[in-house]
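Architecture and fold: a report
So the chains spell out like this:
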Amino acid sequence: MKRALTILAWFLAPLPVTAATAPAAAPAQRIVSAIDPLLMANADFVRLADPQLWTDLNVTRIEFRDGRTFWRFYRIRNLRHPAGPLWFVPHDNENAAFQAAIYAVRAYGGEVVAIEEARSIAGPDSRGNGDVDYGKDVDPNRNFWDATPAYADEILAGLGHPPRLIVALHTNEPGFDASEYGCGPPPSGNTGRGEISVLFCNDVYSPRPSVSARWPFDDTDSVAIVSYPAQGSPADGFCARALAEADANIQFEHVVTSDGSLSNYALFHGLPYVNFETQERGITPEGLGDARTRLLAMIDLAMMRCAPVEGVTLQRVVRPPPHGRKRR
């Protein structure tokens, strides 16, 4: 009897905690907050403090931890037309891109995902997320990895089946002067600034400049980036033929291995994706207006030629500039 009780006690005793038997880690911290865009002190929202602009738009802020990084972003849904594209604004210092996304989600439906860095230790309106426990800051557009999918899963939540179109929007540093540097990578002192131009080329990027250079493509920094697979050709990229027929400035990105960008992630996961860029022109009304309307013109082009949205009437969200606008 004593031997039987000893054996029973041995079975009932708690097992030693090892890597194999340890309880699963608690879910990463995640906070979802309802936001009134008209009460936000954030500069992006203050510049767009028009009640009519936010009619039928629902705004939430999502905060979560992923490894060493704490993330904050806004998800802005068009409640009347939820089936439109996912408009992605990864960099908080690209202010006209945020404005273009709000105008676009009103015109074409869907939802905006905009990364917020206002509380980052890297400073307000940062390009990178410096809210990290250790190490370097993290580029929100270089964090899409299959090995660590939590970030991508949060950003792309609700993409749907079949997936909706993803439109990424950027305003970047002025492109390098090809007449000075030739066709190749920009000088080392200018890297890491989000620099892009249809004049740039290397073993990854091959440009297709607009022949007519009509607005908004009179500016070589206003460009669509279209990714295509290693074993394919530029024409295999999403919307490539239609954008070329429309005489857009296009940078074709030849993707062999992922660099962590959403364009590469979308290509490897079969997601429809297009990226529009224009030059950063500051936060004056004139500068924001110029960059915003160029982005919206490129969005119009893609929506008319590549991605009509069922149930949403195509709308012209911008008008051509006054006749006689000079090339930069």
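Residues numbered from 1 in each chain as written. Predicted model: local features only at pLDDT ≥ 70, side-chain atom pairs only at ≥ 80, totals over all residues. Heavy atoms only, no water.

**Side note on the packing of helix α3 (residues 95-108) against helix α8 (residues 285-305)**
It is at 9 Å that the axes of α3 and α8 come closest, and there the two elements cross at 40°. On the basis of their axis angle, the class for α3 and α8 is oblique. As for how α3 packs across α8, the hand of that crossing is right-handed. Contact with α3, carried on its side by N95, A96, A97, Q99, A100, Y103, A104 and Y108, involves L288, A291, R292, L295, L296, I299, D300 and M303 of α8 and no other residues of that element. (Axes fitted to C-alpha atoms, helices over the stretch in contact; angles between N-to-C directions. Helix = DSSP H or I, 4+ residues; strand = E, 2+ residues; numbered from the N terminus. Parallel < 35°, antiparallel > 145°, perpendicular 65-115°, else oblique. Left-handed = near helix turned anticlockwise from the far one by under 90°. Contact = heavy atoms within 4.5 Å.)

**Observations regarding the nonpolar core**
Grouped together as the largest cluster of nonpolar side chains are 49 residues, with contacts concentrated most on W87 and F276. If you tally residues by element for this core, the top one is α3, at 9 residues. Not counting the four nearest positions on each side in its chain, F276 is found in contact with V167, A168, L169, H170, V223, A224, L295, M298, I299 and A302. Counting residues in hydrophobic clusters, the runner-up holds 23 residues, among them F73, V113, F144 and L271. (Core = buried A, V, L, I, M, F, W, Y, C linked by side-chain atoms within 4.5 Å. Buried < 20%, exposed > 50% of the residue type's maximum accessible area, 1.4 Å probe, protein only.)

**Points about the confidence of the model for the protein chain**
Residue-level pLDDT values for the protein chain average 82, and 76% of them are 70 or greater. When the criterion is pLDDT under 50, residues 188-192 qualifies, and its contacts beyond four places in sequence or with other chains add up to 3 contacts. pLDDT under 50 marks residues 311-328. Its contacts with residues more than four places away, or in other chains, come to 37 contacts. (pLDDT = per-residue confidence, 0-100.)

**Let's talk about the pattern of salt bridges**
On inspection of all chains with the given rule, the structure shows 15 salt bridges. Linking R61 and E63 is a salt bridge whose minimum nitrogen-to-oxygen distance equals 3.9 Å. Residue E63 is classed as buried on the basis of its relative accessible area, which comes to 6%. Among the ionic pairs, R281 bridges to D219, the shortest N-O distance being 2.4 Å. Of this pair, R281 sits in the loop between β10 (273-279) and α8 while D219 sits in the loop between β7 (205-208) and β8 (223-229), and the two are 62 residues apart along the sequence. (Salt bridge = Lys/Arg side-chain N within 4 Å of Asp/Glu carboxyl O.)

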